[in-house]
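Overview (structure and organization)
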Amino acid sequence: MNRFVEEIKEILKTEVDLSEEEIERIIEIPPEEKLGDYAFPCFILAKRLKKSPEKIASNLLEKLKPKDLIEKIYSIGPYVNFRVNKKKLAEFVLTDIFEKNKSYGKDILGEGKTIVIDFSSPNIAKPFGVGHLRSTVIGNSLYKIFEHLGYKCIGVNHLGDWGTQFGKLIVAYKNWGDEKKLSSDPIMTLFDLYVKFHQEAEKKPELEDDARSWFKKLENGDEEAKKIWQRFKDYSLKEFEKIYLMLEISFDSYAGESFYNKYIDQTIEEVQKKGLAEKSQDALVVNLKKFNLPVCLLRKKDEATLYATRDITAAIYRYKTYRFHKLLYVVGSAQKLHFQQVFKVLELMGYPWAKDLVHVDFGWIKFEKKILSTRKGDVIFLEDVLKKSIEIALDIIQKKNPDLEKKDEVAFEVGIGAVVFADLSTKRQKDINFDWEEVLDFEGQTGPYIQYTHARLCSLIRKYGKPVKKDVDFSVFSLEEEYSIIKKLDDFPRKIKITAEMYEPSILCSYLLDLCSVFNRFYQKERIITDDKNSTDSRIFMIKGVKTVIELGLNLLGIKAPERM
Ligand code: ARG
């Protein structure tokens, strides 16, 4: 933590019977100005000393003495409150940001540790629907944030490229496929075939048997089946690439479900050897009744393997390959049960790392109130959503700033940023109600609002017209508004760590919104560039710090920060 916290620890450690780590964990940043810059709550000590926390706080107060960076100590209720020396705070924080720049908030927390992030993972032969937006952007942001904290990250796109649905598609393709249509508009054609299969199978259930046997062929390496499947896959990857290019997202591995086919027998053997597998109606299952979970199906009676079998295999493979510290699955809450089963089976298999598997779950995304699902054929394409957002952004920019250069480029970054931010700023487990007007409101709690604030900061620095230099006069900062900005900037490294700890990019989003709002409050009240050279230099130095942190924060969310808007 920072120097101020270090000093508070120094002050407290001889007077309280707690370890330094404990003290550090307990120290809070109070929500209100009058409660000081930091506070130490006495509730824990109350339990141990069997005295009221208020009494302990006032007793402590008598013994504690201010030091270098901590200027004043007082007590309100059960808290001991600390005020820092403002000038030193400004100097430390702003100089730190200036020197570290994009490395501000970097940490060694993750040194030598690898985090595997399983994210995006769309299903091939289907359009990239808006339903996969959340996994894609949450995963990408966690990747960047953990990397900032010193972890080595491995992004895996666990493509849905295996399973009985490919049997269905092959059957549909063989029955109703139109070669010309397929090569001119592959994804739509495949999608239509998939929908058609489900419609037809309702009338002719025997189609389901055909589908099963074609998937069986595929699993056994049948040449014809493999060739058709490979074509579907190539078309899909090309399509997905368009989205990843727009979002500037890349992966370290595209090992999807099909990749694990060759290791499946080994997994099943191992489960059997460990005495975990049993036969149930000719299928092979792991009974998880003791753990209040439904049986985990490993192999159907026709020998076809399942999603869960492949996930168990994938986890073992990933541990062998990456020796991960944590393996994150960024997947919707609908699959909660699936992951509980998979994690439990791996635990029963005796893998101690099973405890390091985390399902980073998230809620639904609803568009104009409809929940999206591909089966019914009313899927909303992510590409369309992104394009529409860019279009609206361009419209707004055209009205607001008709003389802006490179409007298309800016509209692209704003349009994409708006969608990504709308997604990430919603607490992950909550559902999103996507509303265009809200998402693109330049004055709302949105990505464009943050980007707009960033552009305003850049414009101030341009207006200043000189290179920003350090060693400014830090005693000019006296306003409460300035002080709130500096304190917010100081809090960035801590917020990044909490974001990572909770796998919750929305924490970073709220932080950025708060930072913009404290800055805008200041900006509306005060002129920044004035005849007073001394004060102007200092304020621009602070402005530069705000700009750096906003840009860095946006980038960690996977969002661009244009300099003009
Ligand atoms: N393809 C799956 C889906 O779209 C998501 C895969 C998530 N990752 C995993 N290892 N199961 O629902």
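1. So, the overall build of the protein chain
Summing up its helical and strand segments, the protein chain has 21 helices and 13 strands in all. The dimensions of the protein chain, computed from C-alpha atoms along their principal axes, are 80 × 65 × 40 Å. Among the 565 residues that make up the protein chain, the fraction classed as buried is 55%. Counting contacts in the protein chain only where the partners sit at least 6 residues apart, residues at least 24 apart contribute 73% of the total. When the accessible surface of the protein chain is split by element, carbon and sulfur atoms take 48% of a total near 26400 Å². When the 93 positive and 90 negative side-chain charges of the protein chain are each reduced to one mean point, those points stand 2 Å apart.

2. Here we look at the packing of aromatic side chains
By the definition in use, this model includes 32 aromatic pairs. Taking the centre distance of 5.7 Å and the plane angle of 15° together, the rings of Y104 and F492 count as stacked. Of the two residues, Y104 sits in the loop between α5 (86–100) and β4 (114–118) while F492 sits in helix α19 (residues 480–501), which places them 388 residues apart along the sequence. In this structure F492 comes out as buried when scored by relative accessible area, which is 0%. Here the aromatic residues F119, F128, F240, Y244, F251 and Y254 are joined through ring pairs into a cluster of three or more. The residue whose ring lies beneath K196 is W176, and the NZ or CZ to ring-centre distance is 5.3 Å.

3. What to know about the side chain of D161
Secondary-structure assignment places D161 in the loop between β5 (152–156) and α7 (164–176). Of note is the side chain of D161, whose polar atom sits 2.7 Å from the backbone nitrogen of S258. Each residue touching D161, except ones within four places of it in the same chain, is listed here: I124, F166, W229, K233, G256, E257 and S258.

4. Quick look at the pattern of salt bridges
Tallied over the full model, the rule gives 45 salt bridges. Across the salt bridge formed by E32 and K34, the nearest N and O atoms sit 3.1 Å from each other. Judged by relative accessible area, E32 falls into the partly exposed class, the value being 42%. As a salt-bridge pair, K547 and E563 come within 3.8 Å of each other at their nearest N and O atoms. With K547 in helix α21 (residues 533–556) and E563 in the segment after α21, the pair connects residues that are 16 residues apart, well separated along the chain. The buried category is assigned to K547, whose relative accessible area is 10%.

5. Focus: the site of the ligand
The full set of residues close to the ligand is D118, S121, N123, H132, H158, Y307, D311, Y329, V331, Q335 and F339. Between S121 and the ligand, the recorded distance is 2.9 Å, taken from a backbone N or O atom to a nitrogen atom. At a separation of 2.7 Å, a nitrogen atom of the ligand approaches a polar side-chain atom of N123.

6. Thoughts on the sheet that holds β4
The sheet built from four strands is open, its strands ordered β5-β4-β9-β10 with parallel pairing. Every other strand in the sheet has two partners, leaving β5 and β10 (357–360) as the edge strands with one partner each. Across the sheet, the mean angle separating the axes of adjacent strands is 20° when strand polarity is ignored. Two elements, β4 and β5, share five bridges in a ladder whose sense is parallel. Within the sheet, the bridge partner assigned to I117 lies in β5 and is G155. Those strands touched by helix α13 (residues 307–322) are β4, β5 and β9 (326–330), and its axis lies near 140° from that of β9. With respect to the sheet, helix α14 (residues 336–348) is in contact with β9 and β10, its orientation differing from that of β10 by roughly 180°.

7. So, the environment of F343
The residue F343 is located in helix α14 in this model. On the accessibility criterion, F343 (15% relative accessible area) is buried. Between the alpha carbons of F343 and W353 there is a distance of 9.8 Å; along the sequence they are ten residues apart. Sequence-distant contacts of F343, defined by excluding residues within four places in its chain, comprise Y329, A354, L357, V358 and H359.

8. With respect to a negative patch on the surface
Judged by side-chain charge, D435, E437, E438 and D441 come together as a negatively charged surface patch. Mapped onto the elements, E437 comes out in helix α17 (residues 436–439).

9. Side note on the packing of α7 against helix α11 (residues 223–247)
Between two packed helices, both the angle of their axes relative to each other and the distance between the axes serve to describe the pair. Following both chains from N to C, one finds α7 and α11 inclined at 95°, their axes separated by 11 Å at the closest point. Viewed along their axes, α7 and α11 adopt a mutual orientation that is roughly perpendicular. Residue-level contacts link F166, L169, I170, Y173 and K174 of α7 to E224, A225, I228, W229, R231 and F232 of α11. Taken together, the residues of the contact of α7 with α11 sort by class into eight nonpolar, no polar and three charged.

10. Digging into the side chain of T114
Counting through the fold element by element, T114 comes out in strand β4. A relative accessible area of 12% means that T114 is categorised as buried. Excluding anything up to four places from it in sequence, T114 contacts K152, I154, Y322, F324, H325 and K326.

11. Thoughts on the environment of Y235
Positionally, Y235 belongs in helix α11. With a relative accessible area of 18%, Y235 lands in the buried category. Taking the C-alpha atoms as reference points, Y235 and D37, 198 residues apart in sequence, are found 56 Å from one another.

12. Some words on the pairing of strand β2 (residues 70–76)
Pairing of β2 with strand β3 (residues 79–84) involves six bridges; the strand directions are antiparallel. Bridging from a neighbouring strand, I70 pairs with V84 of β3. Once β2 ends, the chain turns through two residues before running back antiparallel as β3, passing G77 with a positive phi of about 55°.

13. Thoughts on α7
A rise of 1.5 Å per residue sets the reference length of α7, with its 13 residues, at 18 Å; its end C-alpha atoms lie 18 Å apart and thus fit the reference within 8%. Those residues of α7 that sit buried are F166, G167, K168, L169, I170, V171, A172 and Y173. Looking at the buried residues of α7, the elements they touch are α8 (179–184), α9 (186–203), α10 (206–219) and α11.

14. With respect to the environment of E501
Summarising the element assignment, E501 is placed in helix α19. As a C-alpha pair, E501 and P352 span 149 residues in sequence and 21 Å in three-dimensional space.

15. Overview of α10
Because each turn of an α-helix spans 3.6 residues, side chains separated by three or four positions end up pointing in the same direction. Taking 1.5 Å per residue as the helical rise, α10 with its 14 residues ought to reach 20 Å, and the 20 Å between its terminal C-alpha atoms agrees with that figure. For α10, the set of buried residues is L207, A211, W214, F215, K216, L218 and E219. For α10, the secondary structure elements touched by its buried residues are α7, α9, α11 and α13. G221 lies just past α10 and shows a positive phi near 80°.

The rules behind the values
Every chain's residues receive numbers from 1 upward, in the order its sequence appears when written. With the structure being a predicted model, the display of local features is reserved for residues of pLDDT at least 70 and the display and counting of side-chain atom pairs for 80 or more, all residues being used for whole-chain, interface and lining totals. Only hydrogens and water are set aside; all other atoms, that is, all heavy atoms of the structure, feed into the side-chain values. Helix numbers and strand numbers start at the N terminus; a helix is a DSSP run of H or I with at least 4 residues, a strand a run of E with at least 2. Remark: exposure states derive from per-residue accessible area (1.4 Å probe, protein chains only) relative to the maximum for the residue type, with buried under 20%, exposed over 50%, and partly exposed in between. Two residues form a contact once any of their heavy atoms are found within 4.5 Å. Accessible surface area values rest on a Shrake-Rupley calculation with a 1.4 Å probe, where residue burial reflects the displayed protein chains alone. A residue counts as positive if it is Lys or Arg and as negative if it is Asp or Glu; His and the chain ends are not included. By convention, charge coordinates are those of NZ in Lys, CZ in Arg, CG in Asp, or CD in Glu. Only centres within 6.5 Å qualify two rings of Phe, Tyr or Trp (six-membered ring in Trp) as a pair; their planes then separate them into stacked at under 30 degrees, edge-to-face at over 60, and tilted for everything else. Charge-over-ring contacts are defined here by two conditions on Lys NZ or Arg CZ: a distance within 6 Å of the ring centre and an angle within 35 degrees of the ring normal. We define a polar contact as two N or O atoms separated by no more than 3.5 Å, with the added condition that, inside protein, one atom must be a possible hydrogen donor and the other a possible acceptor, whereas residues neighbouring each other in sequence contribute only through side-chain atom pairs. For this analysis, a salt bridge means a side-chain nitrogen from Lys or Arg found within 4 Å of a carboxyl oxygen belonging to Asp or Glu. Nearness of a residue to a molecule or strand requires only that one of the residue's heavy atoms be within 4 Å of it. Two strands are said to pair when DSSP picks up at least two bridges between them. As a rule, the C-alpha atoms of each element are fitted with a line to give its axis, helices using only the stretch in contact, and angles between N-to-C directions run from 0 to 180 degrees. Residues form patches when they are more than 30% accessible in relative terms and have no salt bridge. Like charges link within 9 Å. Nonpolar side chains (Val, Leu, Ile, Met, Phe, Trp, Tyr) link within 5 Å. Here the word oblique covers every angle except those under 35 degrees (roughly parallel), over 145 (roughly antiparallel) and from 65 to 115 (roughly perpendicular). Gly falls in the polar group here, along with every residue not listed as nonpolar (Ala, Val, Leu, Ile, Met, Phe, Trp, Tyr, Cys, Pro) or charged (Asp, Glu, Lys, Arg). For a helix, the expected span equals 1.5 Å multiplied by the residue count minus one.

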